[in-house]
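Residue strings, one per chain:
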Amino acid sequence: MMARKPVQFLPIWSYFLNWILLLTVLCNGESFGVFASERKRINDVKENSPLMKLLDENDNNSNNNNNNHELLETLQVVFCGFGRTGTHSLGAALDRLGYKSLHGEEISLNSLGTHQLLGEAIMARDVEALLTETARMGYNATLEQHAFFWRDIREFVLQRQQQHQMMMNVKFIFMIRDFEPWFESMVATYNTLAIMQRFPANLIPLHQRIVDILAVGISHELNVSTDTVRKLFAKGNSTQHYELRRRVYNQYVQDVHEIMAMSSGSDQVLLFNVREGYAPLCAFLKIEESKCPTPDLEPFPHLSDRAHMMAGYYFLRVLECTFYVLMAVAVWLLCKIGKYVLARKPGQSDSPSSTQNETKLKKS
């Protein structure tokens, strides 16, 4: 009898190994999900920064109040608003104008490494620690994850300005986007976070930390519990989420218009739209006209990271589905092996010599 060709399991196990390799990449916040241009921008915080001399002197004394005051004096721009409103483009423009902006993506992806203290400050809702650590790392412009606490930060800065004549150079930038497209973009973000917080993706420590940070920040922004936010991640397109976001959005727009009305003539607040380009931003930041990029030669950066975010979502979704497919294959293999073992008679052997001996005994 011709021996059966053994089953080839190599494609399944090689696919499984590829999946493990991809998970390993996911665990490394330094290498997953960062644009090449973003990586270049992160690496721009170098020793040639005018802040680095001060930061080096204070690195070993970050808990000293006097040193913290000096660090806070280096902050210059605070974004006040929601994510998904053009913060990526704003950050790139600020960097082009000589600032060192800190995008929330950098905090999230490095929250188990270089930016761990920033993530812990967000989860502790400690505004002073958040701003101090931001300045200690060499950044002087904050974006959307700091903006979870924009009201607290603004109150903190205004109090120091009025009582101590400190942080006098801090400027606030507000941005408003039409609600409907903004909400759709938020839903897309929540869909990705929903995968991160469920099995098996939640086994990855970086995913757990990202979800924890954003759950605390968004709960502060929406004035709800973190448990409620985690439920919203799972049901991003729900009526509850829509109504909650609409209410918070309307309140934000009202507050911004009131602030702009009270600050009429002030050079510390700006209501900005990325479609306006560099001109109003340069005027607000007192950038010399000769150093301000012109639209003809250098258009304002429009970095929509929606495609990047959706790529991350589909990547995680494929991994999730692949995991369950592999589990189903594993169960099927176990069932086949179990059925084969149970069908065997006690003492039965599959070796050819044993089979030939049994045939000879029967003939004799």
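Caption draft 1: Local environment of the overall build of the protein chain. Looking only at helices and strands, the protein chain has 16 helices and 5 strands in total. Considering the protein chain as a whole, with its 364 residues, one finds that 46% of them fall into the buried category. For the protein chain, long-range pairs separated by at least 24 residues make up 73% of all intrachain contacts whose partners lie at least 6 apart in sequence. When the accessible surface of the protein chain is totalled, it reaches about 20300 Å², and 56% of it is carbon and sulfur.

Caption draft 2: Quick look at the pairing of strand β4 (residues 171-175). For β4, the tally of buried residues reaches 5 of 5 residues, placing the bulk of the element in the interior. Here β4 shows no split at all, with Lys-171, Ile-173 and Met-175 on one side and Phe-172 and Phe-174 on the other all buried.

Caption draft 3: Examining the packing of helix α10 (residues 179-196) against helix α13 (residues 239-262) more closely. Contact geometry for α10 and α13: axes closest at 11 Å, N-to-C directions at 125°. For the element pair α10 / α13, the angle class is oblique. In the packing of α10 onto α13, the handedness of the crossing is right-handed. Of the residues in α13, those in contact with Phe-179, Glu-180, Trp-182, Phe-183, Met-186, Val-187 and Tyr-190 of α10 are His-241, Tyr-242, Arg-245, Arg-246 and Tyr-249. Of the residues assigned to the contact of α10 with α13, the class counts are 8 nonpolar, 1 polar and 3 charged.

Caption draft 4: Quick look at the sheet that holds strand β2 (residues 101-102). Strand order in this open sheet of 5 strands is β2-β3-β1-β4-β5, and the pairing throughout is parallel. Each of the sheet's edge strands pairs with one partner strand only, and the pair in question is β2 and β5 (269-272). In the sheet, strand β1 (residues 77-80) pairs with strand β3 (residues 141-142) via 2 bridges, with the strands oriented parallel. By the bridge assignment for β3, Val-78 is matched with Thr-142. Helix-sheet contacts for helix α9 (residues 150-164) involve β1 and β4, and the interaxial angle to β4 is about 155°. Sheet strands touched by α13: β1, β4 and β5. Its angle to β5, the strand with the most contacts, is close to 135°.

Caption draft 5: Representation of the packing of aromatic side chains. For the coordinates displayed, the defined rule picks out 16 aromatic pairs. An aromatic cluster is present here, built from Phe-82, Trp-150, Phe-174, Phe-179, Trp-182, Phe-183, Tyr-242, Tyr-249 and Tyr-252 joined pairwise through their rings. Here the basic side chain of Lys-171 rests over the ring of Phe-284, its NZ or CZ set 5.1 Å away from the ring centre.

Caption draft 6: Representation of the confidence of the model for the protein chain. Across the protein chain, the average pLDDT comes to 82, with 76% of residues at 70 or higher. For residues 25-43, every residue scores under 50 in pLDDT, and the model assigns this stretch 42 contacts once sequence neighbours within four places are set aside.

Caption draft 7: Broad picture of unusual backbone geometry. In the segment running from Phe-199 into Pro-200, the intervening peptide bond is cis, with an omega of 5°. Looking at the element boundaries, Pro-200 is found in the loop between α10 and α11 (205-222). One non-glycine residue with positive phi stands out, namely Arg-125, at about 55°. Arg-125 gets classed as partly exposed once you look at its relative accessible area, which sits at 38%. Residue Asn-223 is not a glycine yet carries a positive backbone phi of 60°. Checked against the element boundaries, Asn-223 lands in the loop between α11 and α12 (226-234). The exposure class assigned to Asn-223 is exposed, which follows from its relative accessible area of 70%.

Caption draft 8: Representation of the pattern of salt bridges within the structure. In the structure shown here, the tally under the stated rule is 10 salt bridges. Arg-198 serves as the salt-bridge partner of Glu-320, at 2.6 Å between the closest nitrogen and oxygen. You can see Glu-320 sitting in helix α15 (residues 306-343) and its partner Arg-198 sitting in the loop between α10 and α11, a full 122 residues away along the chain. The class for Glu-320 is buried, based on a relative accessible area of 6%. By relative accessible area, which is 34% here, Arg-198 ends up partly exposed.

Caption draft 9: Local environment of a nonpolar patch on the surface. On the surface, Phe-199, Leu-203 and Tyr-324 cluster together into a nonpolar patch covering about 320 Å² of accessible area. Overall, Leu-203 belongs to the exposed group, its relative accessible area being 55%.

Rules and cut-offs
- Residues numbered from 1 in each chain as written.
- Predicted model: local features only at pLDDT ≥ 70, side-chain atom pairs only at ≥ 80, totals over all residues.
- Heavy atoms only, no water.
- Helix = DSSP H or I, 4+ residues; strand = E, 2+ residues; numbered from the N terminus.
- Buried < 20%, exposed > 50% of the residue type's maximum accessible area, 1.4 Å probe, protein only.
- Contact = heavy atoms within 4.5 Å.
- Areas by Shrake-Rupley, 256 points an atom, 1.4 Å probe, with all protein chains shown as cover.
- Axes fitted to C-alpha atoms, helices over the stretch in contact; angles between N-to-C directions.
- Parallel < 35°, antiparallel > 145°, perpendicular 65-115°, else oblique.
- Left-handed = near helix turned anticlockwise from the far one by under 90°.
- Nonpolar A, V, L, I, M, F, W, Y, C, P; charged D, E, K, R; others polar.
- Pairing = 2+ DSSP bridges.
- Phe/Tyr/Trp six-rings, centres within 6.5 Å; stacked < 30°, edge-to-face > 60°.
- Lys NZ or Arg CZ within 6 Å of the ring centre and 35° of its normal.
- pLDDT = per-residue confidence, 0-100.
- Salt bridge = Lys/Arg side-chain N within 4 Å of Asp/Glu carboxyl O.
- Patch = residues over 30% accessible without salt bridge, like charges linked within 9 Å, V, L, I, M, F, W, Y side chains within 5 Å.

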